[in-house]
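Next come the chains, spelled out residue by residue.
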Amino acid sequence: MNASEQELFWCLCRFLDPDRERIAALLQAGAGTPAVLGQLLYNRMAGVGYHMLAKTRTLDLASREFRNTLRDVQLLSIEKNHSFVQCRNFVTDILEKSGAEYALLKGAYLCELYPPGCRTANDVDVLAEGKWITAIGNALQKAGFRQGYIKGDMFVPASRKEIIHRKMTRGETVPYFLEVGLPYMPYLEVDINFSLDYKNTIDTALPAFVSEANLRKIGENYYRTLSEPHFLLHLCMHLYKEATTYPWVQMGRDMNLYKFCDLYVLLMQYTLQDYKTLAVQAEKFGLLSQCCWALSAVQMLLQIEDPMLLGFLARYAPENLQNLDSVVDPVGKREFVYENSDLRQRFFAENRIALLREVQGDA
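Residues numbered from 1 in each chain as written. Predicted model: local features only at pLDDT ≥ 70, side-chain atom pairs only at ≥ 80, totals over all residues. Heavy atoms only, no water.

So, about the overall build of the protein chain. When helices and strands are tallied, the protein chain shows 16 helices and eleven strands. In summary, the protein chain has a C-alpha radius of gyration of 21 Å against a globular reference of 21 Å for 363 residues, a match within 12%. When the backbone C-alpha atoms are referred to their principal axes, the protein chain occupies close to 60 × 55 × 45 Å. A total of 363 residues make up the protein chain; the buried ones form 53% of that total. Of the roughly 16800 Å² of accessible surface on the protein chain, 51% is carried by carbon and sulfur atoms. (Helix = DSSP H or I, 4+ residues; strand = E, 2+ residues; numbered from the N terminus. Rg over C-alpha atoms; globule rule 2.2 N^0.38 Å. Buried < 20%, exposed > 50% of the residue type's maximum accessible area, 1.4 Å probe, protein only. Areas by Shrake-Rupley, 256 points an atom, 1.4 Å probe, with all protein chains shown as cover.)

What follows is the structure in structure tokens.
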């Protein structure tokens, strides 16, 4: 992608502070190319892209193929979210009756926080302490769920060995699936997490996060999720885990932009008091490094100039920022480093694995 294409991509993704004049100029200059369209689709930002074209009244400046593809994806996303909300509510009913302590994560809350059709979710993520895993699993199985995987659009049951191994090594269970046959959601997937990182670790943050979860009500619907700022801190942990762990880089899932935009959406609502509370909670649970890493990455990628965010990073990042360029391989017990620290250049790299250099143990 050339510089104009990259700039248009970033402009279309910053949907909370649009720059109509710049978007119009870039489209008129021919920057609305298949490359930009592909990046929007790949990063699950197509609905946001169409929302921005409509919001800035620049739809007619984009080519028919460009705008119609984005429009169709947004319409699909709206219908998919209707299915997802039904599934989220169904899971909520099951878990509330189970008596377990839990919280729903990520898309369960964010899909309705974005403008319609701008954020989708493929599964329902659940956070719970290890002591509640059996109760939650039993409740799901009673409702017809089975553990396994979707391969070739078909459900394949997991073996007992796979179930035990994943629980012991990943801090999460093998996913639970139920065939629901809803539009754009033939199967409902539920992922249960009982660790905040890629390891099956014991920490003080998770019990506190779950114990302070609360019910949120939207219209006739309700669901249990983390309170602020625990919700944001969990997103920081999740983003940090995937961006700095080798297998996610291999899969190309380390820098999907929608994950950074989730933080962008929350941060643009933050007040000075919210940032003060965030700092207190991050320090309390030893998460300030991961928090600073994630917020710094969001600021750099989307070039957010919010004074409160910049003030937070100026105060806490210098001493608490874990290297933005480091990647760890837990299985191979190796450490890597990106030799180019420009996150935007790294984002558009076709093969980020090729940008990594292994750090030798005696270096």
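Turning our eyes to something else, we now look at the nonpolar core. The nonpolar side chains of a soluble globular protein tend to be buried with one another. Formed by 111 residues in total, the largest nonpolar core has its most connected members in Val190, Leu257, Leu295 and Phe312. Apart from residues lying up to four places away in sequence, Phe312 is in contact with Tyr275, Leu278, Ala279, Leu288, Cys291, Cys292, Leu295 and Ala317. In terms of nonpolar packing, the next biggest core, distinct from the first, is built from six residues, Val249, Val327, Tyr338 and Leu356 among them. (Core = buried A, V, L, I, M, F, W, Y, C linked by side-chain atoms within 4.5 Å. Contact = heavy atoms within 4.5 Å.)

With that out of the way, let us pick up the packing of aromatic side chains. Here the structure, examined in full by the defined rule, presents 17 aromatic pairs. When the ring of Tyr240 is compared with that of Trp293, the centres are 5.7 Å apart and the planes differ by 80°; the resulting orientation is edge-to-face. Taken together, the residues span a long stretch of sequence, with Tyr240 in helix 10 (residues 230-243) and Trp293 in helix 14 (residues 288-302) at a distance of 53 residues. On the basis of an interplanar angle of 15° and a centroid distance of 4.8 Å, the ring pair of Tyr246 and Phe336 is categorised as stacked. Here Phe336 lies in strand 10 (residues 334-338) and Tyr246 lies in helix 11 (residues 246-251), a separation of 90 residues in the sequence. Neither residue differs from the other here; Tyr246 and Phe336 are each classed as buried. Through pairs of rings, three or more aromatic residues link up here, namely Phe9, Trp10, Phe347 and Phe348. Here Arg44 stacks its cationic end above the ring of Tyr258, 4.0 Å away from the centre of that ring. In this structure, Arg216 packs its charged tip against the face of Tyr109, placed 4.2 Å from the ring centre. (Phe/Tyr/Trp six-rings, centres within 6.5 Å; stacked < 30°, edge-to-face > 60°. Lys NZ or Arg CZ within 6 Å of the ring centre and 35° of its normal.)

Take helix 4 (residues 46-55) next. Of all ten residues in helix 4, eight are buried; the element is thus mostly enclosed. Burial in helix 4 covers these residues: Ala46, Gly47, Val48, Gly49, Tyr50, His51, Met52 and Leu53. Arg57 occupies a position one or two residues after helix 4 and carries a positive phi of about 55°.

Looking now at the environment of Ala3. As for its position among the elements, Ala3 is in helix 1 (residues 3-13). In this structure the C-alpha to C-alpha distance between Ala3 and Ala31, which are 28 residues apart in sequence, comes to 9.1 Å.

Moving on: the environment of Ala62. If you trace the backbone, Ala62 turns up in the loop between helix 4 and helix 5 (64-98). The exposure class assigned to Ala62 is buried, which follows from its relative accessible area of 5%. Expressed as a C-alpha distance, the spacing of Ala62 and Ala31, which sit 31 residues apart in the sequence, is 9.0 Å. Excluding residues within four positions of it along the chain, Ala62 makes contact with Leu27, Leu53 and Arg67.

Moving on: the sheet that holds strand 11 (residues 356-358). Strand order in the open sheet made by the three strands is 9-10-11, with antiparallel pairing throughout. Two strands lie at the open edges of the sheet, namely strand 9 (326-329) and strand 11, each paired on one side alone. Geometrically, the sheet is characterised by an average inter-axis angle of 30° between neighbouring strands, direction not taken into account. Across four bridges, the pairing between strand 9 and strand 10 is antiparallel. Note on strand 10: the bridge partner recorded for Val328 is Glu335. (Pairing = 2+ DSSP bridges. Axes fitted to C-alpha atoms, helices over the stretch in contact; angles between N-to-C directions.)

To continue, consider the packing of helix 12 (residues 257-267) against helix 14. Two elements in contact, helix 12 and helix 14, have axes whose closest approach is 10 Å; the angle formed by their N-to-C orientations is 100°. Overall, the two elements helix 12 and helix 14 adopt an arrangement that is roughly perpendicular. For the pair helix 12 and helix 14, contact is made by Leu257, Phe260, Cys261, Leu263, Tyr264 and Leu267 and by Ala294, Leu295, Ala297, Val298, Leu301 and Leu302, respectively. In terms of residue class, the contact of helix 12 with helix 14 is built from twelve nonpolar, no polar and no charged. (Parallel < 35°, antiparallel > 145°, perpendicular 65-115°, else oblique. Nonpolar A, V, L, I, M, F, W, Y, C, P; charged D, E, K, R; others polar.)

A few words now on the pairing of strand 10. Where strand 9 folds back onto strand 10 in an antiparallel hairpin, the turn is made up of four residues, including Lys333, whose phi is positive at roughly 50°. As paired strands, strand 10 and strand 11 are joined by three bridges and run antiparallel to one another. The partner of Val337 across the bridge, within strand 11, is Arg357.

This part takes up the packing of helix 1 against helix 2 (residues 20-28). Between helix 1 and helix 2, the shortest axis-to-axis distance is 10 Å and the interhelical angle comes to 145°. As for how helix 1 packs across helix 2, the hand of that crossing is left-handed. From helix 1, Ser4, Glu7, Leu8, Cys11 and Leu12 reach across to helix 2, where they touch Arg22, Ile23, Leu26 and Leu27. (Left-handed = near helix turned anticlockwise from the far one by under 90°.)

Mapping Asn81 onto the fold places it in helix 5. Take Asn81: its relative accessible area is 8%, and that puts it in the buried class. Excluding residues that lie within four positions of it along the chain, Asn81 makes contacts with Cys111, Gly117, Arg119, Thr120 and Ala121.

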